[in-house]
Amino acid sequence: MRIGILGTGNMGTALGAGWRAAGHEVLTGGRRGPVSLAEAGRFGPVVLLAVPATAVVEVLTHVPAGVTVIDCTNEVTPGFGVGHPYARIVAARPDLAVVKGFNLCHDSVWRLASRTFGGRALAVPLCGPADAVATVRPLVTDLGCTPVDGGGPERAALLEATAAFAIGLWFGGADAQAILQPTRTDGGVGLMAD
Ligand SMILES: NC(=O)c1ccc[n+]([C@@H]2O[C@H](COP(=O)([O-])OP(=O)(O)OC[C@H]3O[C@@H](n4cnc5c(N)ncnc54)[C@H](OP(=O)(O)O)[C@@H]3O)[C@@H](O)[C@H]2O)c1
């Protein structure tokens, strides 16, 4: 698949390298450098938005209608609150199919040779319109991860809040990974009520 990436920073380079390694054609554009945002924005049917959350609407002016946009941005507000770039994107560009995803892990995770931890593939929740999520799901699988259906566009704010909450815990010195009960060794699913 042809994937345009808007943003030449940590997330753009990390995810771009992973998708290239999986055989995709990737073009990464920025406001400086050899490839412009406009070139990357019209490169293919899927675009990764990898810029600060404050810049999402402005940067998407480089993306034509009908493109599936992956929004990995996080907006952590003072006091580790949460802003909602996904909602701003959808309000400004109803002509795009926007999927929230890839926003829960640090960019270093996407640079690892493997994303299987303790025998479990990293799970990547995706929220957005069902057909757009179906387009993005193989891009999760191609990175050796498991796509998780996170629900429709109305669920994207929860994914944004999940990131902000976890980031707040980490900055406070807690082990944010440890807040969810691990899978039981007897084969049970380890739900909170167990
Ligand atoms: N890094 C992570 O671990 C991580 C994890 C999950 C989600 N995220 C989210 O992913 C997004 C990108 O993060 P990142 O770590 O890749 O950031 P980054 O390394 O700082 O890169 C940001 C990129 O956006 C560009 N940019 C900044 N302002 C712009 C503007 N007004 N117009 C056009 N381009 C602009 C920068 O261009 P210049 O080089 O020209 O400044 C740079 O290419 C953020 O929303 C972040 O919250 C990051």
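This report concerns the structure included in the present document. (Residues numbered from 1 in each chain as written. Predicted model: local features only at pLDDT ≥ 70, side-chain atom pairs only at ≥ 80, totals over all residues. Heavy atoms only, no water.)

For helix α6 (residues 130-141), spanning 12 residues, the distance from its first C-alpha to its last is 17 Å, which sits close to the expected 16 Å at 1.5 Å a residue. When α6 is considered as a whole, its buried residues turn out to be A132, V133, V136, L139 and V140. Along the axis of α6, the buried positions cluster into a sector of 110 degrees, meaning they face one direction only. Away from the buried face of α6 by more than 90 degrees, exposed residues A130 and D131 are located. (Helix = DSSP H or I, 4+ residues; strand = E, 2+ residues; numbered from the N terminus. Expected span 1.5 Å × (residues − 1). Buried < 20%, exposed > 50% of the residue type's maximum accessible area, 1.4 Å probe, protein only. Arc of directions from axis to C-beta.)

The next subject is the site of the ligand. Taken together, the neighbourhood of the ligand is formed by 22 residues, with T8, M11, R32, V51 and D107 sitting nearest. One nitrogen or oxygen atom from the main chain of G9 is found 3.4 Å from an oxygen atom belonging to the ligand. Between the ligand and V51, the relevant distance is 2.8 Å, taken from an oxygen atom to a main-chain nitrogen or oxygen of the residue. When the ligand sits alone it has 890 Å² of accessible area, and the protein chains cover 76% of it. Within the shell around the ligand, the residues separate by chemical class into 10 nonpolar, 8 polar and 4 charged. (Near = heavy atom within 4 Å. Polar contact = N/O pair within 3.5 Å; in protein donor to acceptor, adjacent residues only side chain to side chain. Areas by Shrake-Rupley, 256 points an atom, 1.4 Å probe, with all protein chains shown as cover. Nonpolar A, V, L, I, M, F, W, Y, C, P; charged D, E, K, R; others polar.)

Among the nonpolar cores identified, the biggest contains 26 residues, and W19, F102 and W110 are the most heavily contacted of them. Of all the elements in the fold, those that place two or more residues in this core are β1 (2-6), α1 (10-21), β3 (46-49), α5 (107-110), β10 (123-126) and α6. A per-element tally of this core places α6 first, with 5 residues. Setting aside residues up to four positions removed in sequence, W19 forms contacts with I3, I5, H24, V26, L48, I70, F102, L139 and L143. By size, the runner-up hydrophobic cluster in this structure holds 20 residues, among which are L6, V47, L49 and L96. (Core = buried A, V, L, I, M, F, W, Y, C linked by side-chain atoms within 4.5 Å. Contact = heavy atoms within 4.5 Å.)

On to the side chain of E75, then. With respect to the helices and strands, the residue E75 is situated in the loop between β4 (68-71) and β5 (76-77). Its relative accessible area of 18% is what places E75 among the buried residues. Reaching out from E75, the side chain makes a polar contact with the backbone nitrogen of H84 at a distance of 3.4 Å. If we skip the residues at most four places from it in the chain, E75 touches A53, T54, G81, V82, G83, H84, P85 and R88.

This part takes up the pairing of β1. Walk down a regular strand and you will see the side chains alternate between the two sheet faces. When you tally the buried positions in β1, you get 4 out of 5 residues, the bulk of the element. Sheet analysis places β1 next to strand β2 (residues 25-29), joined by 5 bridges and oriented parallel. Within the sheet, the bridge partner assigned to G4 lies in β2 and is L27. For the segment spanning β1, α1 and β2, crossover handedness is right-handed. Both β1 and β3 contribute to a ladder of 4 bridges, which runs parallel. (Pairing = 2+ DSSP bridges. Right-handed = clockwise from strand over helix to strand, strands pointing away.)

The subject of this paragraph is unusual backbone geometry. Trans is the prevailing form of peptide bonds, just as negative phi is the prevailing case for residues other than glycine. Positioned with a positive phi, F80 is a non-glycine residue whose angle comes to about 60 degrees. Structurally, F80 can be placed in the loop between β5 and β6 (81-82).

One can find I5 in strand β1. With relative accessibility at 0%, the residue I5 sits in the buried group. Separated by 23 residues in the primary sequence, I5 and T28 place their C-alpha atoms 4.5 Å from one another. Among residues more than four places away in sequence, those in contact with I5 are G12, G16, W19, V26, L27, T28, G29, A40 and L48.

Our next topic: the sheet that holds β4. One open sheet holds the 5 strands; their spatial order is β2-β1-β3-β4-β7, and the pairing between them is parallel. The two strands at the open ends of the sheet, each matched to only one other strand, are β2 and β7 (97-100). On average, adjacent strands in this sheet sit at an angle of 20 degrees to one another, irrespective of strand direction. Contacting β3, β4 and β7, helix α4 (residues 85-92) runs over the sheet at an angle of about 175 degrees to β7. (Axes fitted to C-alpha atoms, helices over the stretch in contact; angles between N-to-C directions.)

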